Amino acid sequence: MNHRTTSLLLSASLLLGAASTVHAALPEEATLYKNPQCGCCVEYARQLEERGVSVTIVDDQDMGKIKQEAGLPYGLGSCHTVQMGGYTIEGHVPFEAVERLFEQRPKVDGIGLAGMPIGTPGMPGPKREDWNVYQFTDQESMPFMTL
């Protein structure tokens, strides 16, 4: 085998290994709490399932209680709340941030993205602005990452 072929095979192996590592960092199961009439939440769950996560969807009228129990800061909520791997993921958080959360495993209650920004997972349309993902603990937030 020549040097070029060996280099190509090694590069391909490294790329495939890195891709599987990212997906391996996500937990196997999640629970997504949402209001019964919200459809974008179901799309977010579907996209999590495409990443190998089995998602249980719970239609719950008392979302305020769920968000409060999760330690979510007031005013930074969204339409759904996901519990997975010991963390809370609030709203349409891009999967790059979710993957980073499970790679780094910081000592926080979770991460979130306030509102329902266009272009995020589950929300149709092109990205229009930067997405400021925050981390939170005991209802206090601080920046996690900007995408």
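Scroll up for the structure.
Residues numbered from 1 in each chain as written. Predicted model: local features only at pLDDT ≥ 70, side-chain atom pairs only at ≥ 80, totals over all residues. Heavy atoms only, no water.

A. Region of interest: the sheet that holds strand 3 (residues 80-84). Strand order in the open sheet made by the seven strands is 2-1-3-4-5-6-7, with mixed pairing throughout. Both outer strands of the open sheet, strand 2 (54-59) and strand 7 (140-146), are each paired with one neighbouring strand and no more. Taken over all neighbouring pairs, the strand axes of this sheet differ in orientation by 25° on average, direction set aside. Two strands pair when backbone bridges link them, and strand 1 (residues 29-34) and strand 3 are joined in this way by four bridges, in the antiparallel orientation. When the sheet's bridge partners are listed, Lys34 is paired in strand 3 with His80. Lying over the sheet, helix 4 (residues 95-104) contacts strand 3, strand 4 (87-90), strand 5 (110-112), strand 6 (132-137) and strand 7, oriented at roughly 110° with respect to strand 7. (Pairing = 2+ DSSP bridges. Helix = DSSP H or I, 4+ residues; strand = E, 2+ residues; numbered from the N terminus. Axes fitted to C-alpha atoms, helices over the stretch in contact; angles between N-to-C directions. Contact = heavy atoms within 4.5 Å.)

B. Representation of helix 4. Along helix 4, the residues classified as buried are Phe95, Ala97, Val98, Glu99, Leu101 and Phe102. Of the residues flanking the end of helix 4, it is Arg105, one or two places downstream, whose phi is positive at about 50°. (Buried < 20%, exposed > 50% of the residue type's maximum accessible area, 1.4 Å probe, protein only.)

C. Structural view of the environment of Val82. Along the chain, Val82 falls in strand 3. Its relative accessible area of 1% is what places Val82 among the buried residues. With 52 residues separating them in the primary sequence, Val82 and Ala30 have C-alpha atoms 6.6 Å apart. Every residue in contact with Val82, bar those within four places of it in the chain, is listed here: Ala30, Thr31, Leu32, Tyr44, Leu48, Tyr87, Thr88 and Ile89.

D. Here's a closer look at unusual backbone geometry. Even without glycine at this site, Arg105 takes up a positive phi of about 50°. With respect to the helices and strands, the residue Arg105 is situated in the loop between helix 4 and strand 5. Arg105 sits in the partly exposed class, given a relative accessible area of 44%. Phi is positive for Gln139, which is not a glycine, with a value near 65°.

E. Up close: the packing of aromatic side chains. Under the criterion given, the structure shown has three aromatic pairs. Between Tyr87 and Phe102, the aromatic rings sit 5.4 Å apart at their centres with planes inclined by 85°, giving edge-to-face as the arrangement. Here Tyr87, found in strand 4, pairs with Phe102, found in helix 4; they are 15 residues apart in sequence, far enough to count as distant. When sorted by exposure, Tyr87 lands in the same class as Phe102, which is buried. Residue placement shows Lys127 over the ring face of Trp131; its charged tip is 4.4 Å from the ring centre. (Phe/Tyr/Trp six-rings, centres within 6.5 Å; stacked < 30°, edge-to-face > 60°. Lys NZ or Arg CZ within 6 Å of the ring centre and 35° of its normal.)

F. Quick peek at the nonpolar core. Counting 32 residues, the largest nonpolar core has Tyr44, Met84, Ile89, Val93, Val98 and Phe102 as the members making the most contacts within it. Of all the elements in the fold, those that place two or more residues in this core are strand 1, helix 2 (40-50), strand 3, strand 4, helix 4 and strand 7. Leave out the neighbours within four places in its chain, and Ile89 touches Tyr44, His80, Thr81, Val82, Met84, Val98, Leu101, Phe102 and Ile111. (Core = buried A, V, L, I, M, F, W, Y, C linked by side-chain atoms within 4.5 Å.)

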